[in-house]
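Residue-level listing of the chains:
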Amino acid sequence: MGHGHGHSHSHRAPDVHTSGPITRLLLGLLALTAIATLVGVVVLWPDGERPTTPYSADGVTYPDGEVLRVGEACPVVTQDSTDFPEICDDVDVRLDDAGTVDGVRVRPGVVDVLQVGDRVTLVAVPQQGADEPSYGWVGVDRKPPLGWLALVFLLVVAVIARVRGLLAILGLGFAGTVIGWFMLPALLAGSSGLAVALVGSTAIMFVVLYLAHGPSVRTSTALAGTLIGLAITAGVGLVAIHTARLSGLGDESSLLLRNQADQLDFRGLLTCAVIVAGLGVLNDVTITQSSSVWELRQAAPHLSRRAIFTSGMRIGRDHIASTIYTIVFAYAGTAVATMLLISLYDRPLIDVLSDEAIAEEVARTLASAIGLVLAVPVTTAIAAATVAPAVRPDGSLSDERAGSV
């Protein structure tokens, strides 16, 4: 009993995980990375004018209004179609500021979900030589339901995760700010998609990880693993995009963007998408691995760093298996319509994978998966090298060399 009590006290001393040359090297490299990231933000900060489109020109407004009438849906066009209504897929809208707009054409399928009284947004484009602008359809005003959903999310996080969860949401807000105020404008200004993605993602990870998990060597270990995983993802993504001859124009949004801003490097945009797509899962994997190693050290102070690494990798393999499912099913859930459309052609699966719309997502998914899988042993090794040395049975620290795993 007395020996067990003394042993309990003896392993608390090395729980100051800030000693050793590996730890100092880790913190030094992260400091240099932070400086390089700040320099990158300054260099890539957009200072030119953004491309203009007819919908962002001077005088264009986006008035809100209320639906007064919902027209009938246009029939589906087939080879046997002969009778079409004169007017279909249209709505009448009473604007909030003034007047009523009749016969606004909407996208196919919209009238099936609209009801009289729904709030909608139109676009008003001034016409040369005309007193009235030309009105077009933008969409349903979904701010109220989405706002309530966001409020419920905040309440659930606050009740269950408390301060840690709210800090994570604050970090998410910072990530959105970096994407909206730096990354997207920099991309529109013509900056390299690879450079913007690496600089922006690194800045996000620095703030998000330290904000949500606190400044510590444990968090720094996860950050180092995340940044290495990002670099691996970027490298794999670049190789995949170039060897698969992907153009970055595999979906409708990219084609529409090309018509509005044809000076953009769409392969660079795809590279940026590959890197950003892996941020969340990569962060999850590395922080779990780092925490696992520290908890193993606390629970078993006598284990060598090599044994800690081996045990941490067993945890990591289980996490890898579940995370791979998460990545693949997340894509499958967002691509149901695309997969249904392709299945109508009754083509072999291997041929379907060659279609650019699918090939882009396959490349994005596999690059992210490779990055996160390799981040597991990297993070585990760094964490095992920076935890406190093992404790001998007599309570003294072992003479393990820092970094020996």
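Residues numbered from 1 in each chain as written. Predicted model: local features only at pLDDT ≥ 70, side-chain atom pairs only at ≥ 80, totals over all residues. Heavy atoms only, no water.

A. Molecular detail of the overall build of the protein. A tally of helices and strands in the protein yields 13 helices and five strands. Counting across all 405 residues of the protein, residues that qualify as buried make up 38%. In the protein, of all internal contacts separated by at least 6 residues, the share reaching a separation of at least 24 is 68%. Carbon and sulfur atoms make up 63% of the accessible area of the protein, which amounts to about 22,800 Å² in all. (Helix = DSSP H or I, 4+ residues; strand = E, 2+ residues; numbered from the N terminus. Buried < 20%, exposed > 50% of the residue type's maximum accessible area, 1.4 Å probe, protein only. Contact = heavy atoms within 4.5 Å. Areas by Shrake-Rupley, 256 points an atom, 1.4 Å probe, with all protein chains shown as cover.)

B. Region of interest: the packing of aromatic side chains. Summed over all chains, the structure comprises three aromatic pairs. Ring centres of Phe206 and Tyr210 lie 6.4 Å apart, and the angle between their planes is 40 degrees; this geometry places the pair in the tilted category. Highlighted residues: Phe206 and Tyr210, both in helix H5 (residues 193-213), separated by four residues, approximately one helical turn. Look at Tyr325 and Phe329: their rings are 6.2 Å apart centre to centre, the planes differ by 15 degrees, and that puts the pair in the stacked class. Note that Tyr325 and Phe329 are positioned in helix H10 (residues 305-334) at a spacing of four residues, about one turn of the helix. Look at Tyr325 and you get exposed, because its relative accessible area is 56%. (Phe/Tyr/Trp six-rings, centres within 6.5 Å; stacked < 30°, edge-to-face > 60°.)

C. Structural detail: helix H2 (residues 21-44). Here H2 contains 24 residues, and its C-alpha end-to-end distance of 34 Å stays within 8% of the 34 Å for a straight helix at 1.5 Å per residue. For H2, every residue scored as buried is listed here: Thr23, Leu26, Leu30, Thr37, Gly40 and Leu44. (Expected span 1.5 Å × (residues − 1).)

D. Here's a closer look at the side chain of Asp90. For Asp90, the location among the structural elements is in strand E2 (residues 90-95). Reaching out from Asp90, the side chain makes a polar contact with the side chain of Arg69 at a distance of 2.5 Å. In this view, Asp90 contacts Arg69, Val70, Gly71, Gly103, Val104, Arg105, Val106 and Val111; residues no more than four positions away in its chain are not counted. (Polar contact = N/O pair within 3.5 Å; in protein donor to acceptor, adjacent residues only side chain to side chain.)

E. The sheet that holds strand E1 (residues 64-70), seen in detail. Strand order in this open sheet of five strands is E3-E2-E1-E4-E5, and the pairing throughout is antiparallel. The open sheet has two edge strands, strand E3 (100-105) and strand E5 (134-140), and neither has a second partner. The sheet shows a mean angle of 45 degrees between the axes of neighbouring strands, taken without regard to direction. Relative to E2, E1 runs antiparallel, the two sharing five bridges. Across the sheet, residue Val70 finds its bridge partner in E2, namely Val91. (Pairing = 2+ DSSP bridges. Axes fitted to C-alpha atoms, helices over the stretch in contact; angles between N-to-C directions.)

F. Region of interest: helix H6 (residues 217-243). A rise of 1.5 Å per residue sets the reference length of H6, with its 27 residues, at 39 Å; its end C-alpha atoms lie 39 Å apart and thus fit the reference within 8%. A positive phi of about 55 degrees marks Arg245, the residue just after H6.

G. Main features of the pattern of salt bridges. Taken as a whole and assessed by the stated rule, the structure comprises seven salt bridges. Note that Asp96 and Arg119 form a salt bridge whose closest N and O atoms lie 2.4 Å from each other. Remark: Arg119 occurs in strand E4 (residues 119-125) and Asp96 occurs in the loop between E2 and E3; sequence separation between them is 23 residues. Between Asp141 and Lys143 there is a salt bridge, with its nearest N and O atoms 2.8 Å apart. Here the salt bridges do not stand alone but share partners, grouping Arg69, Asp90 and Asp92 into one network. (Salt bridge = Lys/Arg side-chain N within 4 Å of Asp/Glu carboxyl O.)

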